[in-house]
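Structural features, examined
Listed below, chain by chain, are the residues.
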Amino acid sequence: MALATPLRRLLPVAAAPATAPDPAAPSSLTPPRRALSLRHGRLRSSLAAFPSPSPEPRSRYLMAPSASASAGGRPTVLVMEKLGTAGLDLLRAFANVDCSYELTAEELRAKVSLVDALVVRSGTQVTREVFEAARGRLRVVGRAGVGIDNVDLQAATEAGCLVVNAPTANTVAAAEHAVALLASMARNVAQADASLKAGKWQRSKYIGVTLVGKTLAVLGFGKVGSEVARRAKGLGMDIIAHDPYAPVDRARAIGVDLVSFDEAISTADFISLHMPLTPSTEKLFNDETFAKMKKGVRIINVARGGVVDEEALLRALDNGTVAQAALDVFTEEPPPRDSKLVQHENVTVTPHLGASTTEAQEGVAIEIAEAVIGALRGDLAATAVNAPMVPAEVLSELSPYVVLAEKLGRLVVQLVAGGSGVKVVKVVYSSTRDPDDLDTRILRAMVTKGIVEPISSAFVNIVNADYVAKQRGLRIIEERILLDGSPETPLDSIQVHLTNVESKFGGALSDAGDIRVEGKVKDGSPHLTLVGSFSVDVSLEGNLILCRQVDQPGVIGKVGSILGNMNVNVSFMSVGRTARGKQAIMAIGVDEEPEKEALKLIGDTSSVEEFVFLKL
């Protein structure tokens, strides 16, 4: 096929690797025996119904509407912990809201199958057992805050449940609290305050240290960590940071040097912790870590208590390795009343107040409410933590291509003959943009959704698409064709190839023997532009009839008359041919599914060699 613009180079993209399939799942994707396909004028397979979900509204790409919403009712949101009034008001305008605080784990499991969304803070554990108890109804978990270590992300992903958080609203509040602890620890504010209120005047005991010229190591250079760095520079401190995922240019832009973990902890006078709690960071600060630090170091933790081995910290305080610590978080919250760490005279403590400002509480409530509502509507979410993280402006730009990707997946799988198993899918993106400027993860997920859902009982969304594909032994390969031209639009076209499968419609085979379809976005709508080696142009809406016939006068009119006489409305029609008088493909968009008799008449039409009816 000739490209509209010159081909510069073909860029391979790493494939989504196949893993050993779940023994309970089929090892390949095998379409059911269904055809409405006719070769050489004879109906060659049964007219059994092909399972195909109803088309979704264009904005509903991320999640299917909840059961209650799809039935015309309002979804139900369970709020497990206190949320700001503004957020609750937003939720109540959209859904039925159940505020049930302090539920036990057993009570939560009993209730979760009755709700479509769950909103929690840090005090609720959303475990695998919770997702299993939901029985597939739970569509979104909203974490009102940044950390998501209390949510089992793997279980959520397997269940197709989106997890969203509120990563920006409390950023400033948390950073300000870290700086407040930094300054108050350096000047013994809390201890001096308690002493004076006890009737003592101990000026010489509470001599502090200055911050100017001291080195602060920020461990975890995300949103909060970078805001702490900005503020600490204003206090005259020298800032270094460690974060294996932080871009060097972003750190350099605010005058921060990214260094190794060992260099950070061994050279710092102050260390501020801002990393998440993960298996790799749990008890990262232990006896071995403290032994590498400069004697007299001071530590601030407003991240997660579990990243610090509290017994090791207590030993480091007692032996003088750590001069002081300021802690807002603890492994167990609230900590035991008799905690030696809390009672230590060189430790300043606060009860997890990092996000506790009036402004932050309302901001978090609004941010998480908007994220939950968007997910329940089926919108793509910029704050999703177990789905592709794509900026809102990119999501908006890719929206029509997301629809196209799913439609092509649904179309191409229906072209597979019943006995063939789909194992390898190649998706080819043609674009004038540099590969670094085109994030295709969402598009890959939607192609997978389109292929898997019509031929299995699986519910697939952007959250679990890669997981579902791997479980079924489906390998997704992505390639990019870089075109010359101005990158005004993200994509020129998307092609989907199925390799090593038999086609029920021979016209869909490329010269290489793959089933191949291509689509483009035109005026904001998805269009089919290529079937096999035949160029067509038909809107991917409703249903589609593909006919391969001898290119001669009268065939189009005969097929159109059959549909008209059977009261089937034609919405689009396009014809592509290899050469005049040779073979042609007619693509006909129809609003209704034709009766069996109409399809039989099309198959009996002179010069029609084969046809197939497809549901989109």
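Residues numbered from 1 in each chain as written. Predicted model: local features only at pLDDT ≥ 70, side-chain atom pairs only at ≥ 80, totals over all residues. Heavy atoms only, no water.

The protein appears in an unreviewed UniProt entry as D-3-phosphoglycerate dehydrogenase from Urochloa decumbens. Among the UniProt annotations of the protein, the heading Pathway (unreviewed entry) holds the following wording: "Amino-acid biosynthesis; L-serine biosynthesis; L-serine from 3-phospho-D-glycerate: step 1/3." Regarding the protein, the relevant UniProt record gives this comment under Sequence similarities (unreviewed entry): "Belongs to the D-isomer specific 2-hydroxyacid dehydrogenase family." (UniProt positions renumbered as here; feature names shortened; annotations may be inferred.)

Here we come to the sheet that holds strand E5 (residues 96–99). Judged by pairing direction, the sheet is parallel, and its five strands sit side by side in the order E5-E4-E6-E7-E8 without closing on themselves. Of all the strands in the sheet, the pair left with one neighbour each is E5 and strand E8 (162–165). Strand-to-strand twist in this sheet, taken as the mean axis angle between neighbours without regard to direction, amounts to 20°. Here four bridges tie strand E4 (residues 76–79) to E5, and the two strands are oriented parallel to one another. When the bridges of E5 are listed, Val77 appears paired with Val97. This element, helix H2 (residues 85–94), spans E4, E5 and strand E6 (117–120) of the sheet and lies at about 135° to E5. The strands that helix H14 (residues 358–377) touches are E4, E6, strand E7 (140–143) and E8; relative to E7, the one it contacts most, it runs at about 170°. (Pairing = 2+ DSSP bridges. Helix = DSSP H or I, 4+ residues; strand = E, 2+ residues; numbered from the N terminus. Axes fitted to C-alpha atoms, helices over the stretch in contact; angles between N-to-C directions. Contact = heavy atoms within 4.5 Å.)

A word on a nonpolar patch on the surface. A grouping of Ile556, Val570, Met573 and Val575 is seen on the molecular surface, where their side chains present a nonpolar patch of about 280 Å² in accessible area. No other element matches strand E23 (residues 570–577), which puts three residues into the nonpolar patch. Its place among the elements puts Val575 in strand E23. By relative accessible area, which is 35% here, Val575 ends up partly exposed. (Patch = residues over 30% accessible without salt bridge, like charges linked within 9 Å, V, L, I, M, F, W, Y side chains within 5 Å. Areas by Shrake-Rupley, 256 points an atom, 1.4 Å probe, with all protein chains shown as cover. Salt bridge = Lys/Arg side-chain N within 4 Å of Asp/Glu carboxyl O. Buried < 20%, exposed > 50% of the residue type's maximum accessible area, 1.4 Å probe, protein only.)

Moving on, we get to the sheet that holds strand E14 (residues 322–327). The pairing of strands in a sheet happens through backbone hydrogen bonds and is either parallel or antiparallel. If you walk across this open sheet you meet the seven strands as E11-E10-E9-E12-E13-E14-E15, and the pairing is parallel. Each end of this open sheet is capped by a strand with a single partner; those strands are strand E11 (257–258) and strand E15 (347–349). In terms of strand pairing, strand E10 (residues 238–242) meets E11 through two bridges, oriented parallel. Bridge pairing in E11 links Ala241 to Leu258. The sheet strands contacting helix H8 (residues 223–234) are strand E9 (215–219), E10 and strand E12 (270–273), and the helix crosses E9 at an angle near 170°. Relative to the sheet, helix H12 (residues 310–318) contacts E14 and E15, its axis offset from that of E14 by approximately 140°.

At a minimum axis distance of 8 Å, the contact between helix H6 (residues 171–186) and H8 shows a crossing angle of 50°. Of the possible angle classes, the one that applies to H6 and H8 is oblique. By crossing handedness, the relation of H6 to H8 is classed as right-handed. Where H6 approaches H8, its residues Thr171, Val172, Ala174, Ala175, Glu176, Ala178 and Val179 are matched on the opposing element by Lys223, Val224, Glu227, Val228 and Arg231. (Parallel < 35°, antiparallel > 145°, perpendicular 65-115°, else oblique. Left-handed = near helix turned anticlockwise from the far one by under 90°.)

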